[in-house]
Amino acid sequence: MINVTKTFLPPLEEYSKFIQRAWDNEWLTNRGELVLELEEKLKAYLGVSNIIVTNNGTIPLQIALKLLGNQGEIITTPFSYVATTASIVWENCTPVFVDIDPEYLTIDEKKIEAGITAKTTAILATHVFGNPCNVVAIESIAKKHHLKVIYDAAHGFGVKFNNKSIFDYGDVSTCSFHATKLFHTGEGGAILTNNQDLHHKLYYSHNFGHNGPLKFHGLGINGKMSELQAAMGLSVFPYIHKIVSERKKIVDYYNANLNLKKIQTLKIRPNSRWNYSYYPVIFDTEQQLLKVQKVLNEHNIFPRRYFYPSLNTIEYTKGVEMPISESIASRIVCLPLYVDLQLKTLEKIVLLINNNLC
Ligand SMILES: *Cc1c(COP(=O)(O)O)cnc(C)c1O
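Residues numbered from 1 in each chain as written. Predicted model: local features only at pLDDT ≥ 70, side-chain atom pairs only at ≥ 80, totals over all residues. Heavy atoms only, no water.

**Comments concerning the overall build of the chain**
Helix and strand counts for the chain stand at 11 helices and 17 strands. Against the globule reference of 21 Å for 358 residues, the chain gives a C-alpha radius of gyration of 20 Å, in line with a compact fold. Reported as C-alpha extents along the three principal axes, the dimensions of the chain are approximately 65 × 55 × 35 Å. Residue burial in the chain is summarised as follows: out of 358 residues, 57% are buried. Of the contacts made within the chain by residues no fewer than 6 positions apart, 69% connect residues no fewer than 24 positions apart. Measuring between centres, the 36 positive side-chain charges of the chain sit 3 Å from its 33 negative side-chain charges. (Helix = DSSP H or I, 4+ residues; strand = E, 2+ residues; numbered from the N terminus. Rg over C-alpha atoms; globule rule 2.2 N^0.38 Å. Buried < 20%, exposed > 50% of the residue type's maximum accessible area, 1.4 Å probe, protein only. Contact = heavy atoms within 4.5 Å. Lys, Arg positive; Asp, Glu negative; His and termini not counted. Charge placed at Lys NZ, Arg CZ, Asp CG, Glu CD.)

Here it is as structure tokens:
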């Protein structure tokens, strides 16, 4: 069965070497040496000054919204994974959707100001499929209206914009290291800021608010990554260049061979170094998508409808219309993209798609 992605697994002996250290230390969590080592390696690779690794990629969104959202209105995108919107509602904030750019698929910065009210506290936008938001425009809107900026950078591992890590933009960025993501720790994630004061707050918030064993800085939750997760991350880490370059080859193949006169692909924002994390294709109509999906499924190939449905249509959000996001969500599918995807499978995928565009 060919799925949209396949988890990258390092050789088991390499994972075992790190697990052995957890055994030797008899230490499985509470920021042991494997977590600290992973954080140092990630800081150097990503070129960031701070990183806190976490138990998943959703808790960082909740912590950021707890600290910066103030139970207010959050300007956000309807085109993302459900965790983005769910975290806003979970933290007793109100999502205010702003439609997306039809080519970059990120929040349309030109429409943000129309959504701002006296209750707006922050903007939470997603670097969709690793494609950077218009971070420059968003920063100037946020400054003008005294808003905080949180980026859901779950797909942003290794992405740069203007030669700087994408995680360096906004007040806080979050990332996911879920098994389906480009870099993974099984389950896991990270929260990043370049503001030292905020880093301190994020840090204690992810560890129950602790200030030493007996005192507390403030409210907190358990967002800690375990040593077992860090062991997976440390054994995947040496392969990150291979993971990105193998994916680039597949993306290049799709770009060169799909009939791009009839299907739209992701337009990458200029001045970005992208990470080849997803290969979305957008058909003219949903019927077209369903037809191609059916044919691929018959050949045991299962692309995923990322992201469907548009988040403004789910039951616990308000139900305002977002025509562009709803339209794209009904017509978009992500094609298989992972290390080890065989050329003959790729040829088959491309042929089945090109032959079924009418
Ligand atoms: C994967 C993902 C998340 C959630 O990350 P988890 O590690 O699964 O909790 C959040 N936002 C987006 C856009 C994602 O794709």
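Next comes the rest of the write-up.
**Things to note about the UniProt feature "active site" (unreviewed entry) in the chain**
UniProt records the feature "active site" (unreviewed entry) at Lys181, using the numbering of this structure. Turning to its location among the elements, Lys181 is positioned in the loop between β9 (172-176) and β10 (189-192). Accessibility expressed as a relative area gives 18% for Lys181, which makes it buried. Apart from residues lying up to four places away in sequence, Lys181 is in contact with Ala154, His155, Ser176 and Tyr278. (UniProt positions renumbered as here; feature names shortened; annotations may be inferred.)

**A short note on the site of the ligand**
Within the structure, the ligand sits among 14 residues, and Thr58, Asp152, His155, Ser176 and Lys181 are positioned closest to it. Within the side chain of His155, one N or O atom sits 2.7 Å away from an oxygen atom of the ligand. Protein burial of the ligand: of its 380 Å² of free accessible surface, 92% is covered by the chains. (Near = heavy atom within 4 Å. Polar contact = N/O pair within 3.5 Å; in protein donor to acceptor, adjacent residues only side chain to side chain. Areas by Shrake-Rupley, 256 points an atom, 1.4 Å probe, with all protein chains shown as cover.)

**Digging into the sheet that holds strand β7 (residues 160-161)**
A sheet is described by the order of its strands in space; here 3 strands give the open sequence β8-β7-β14, paired in antiparallel fashion. The open sheet has two edge strands, β8 (164-165) and β14 (272-273), and neither has a second partner. Strand direction decides the pairing type here: β7 and β8, joined by 2 bridges, are antiparallel. Looking across to β8, one finds that Lys160 is bridged to Ser165. (Pairing = 2+ DSSP bridges.)

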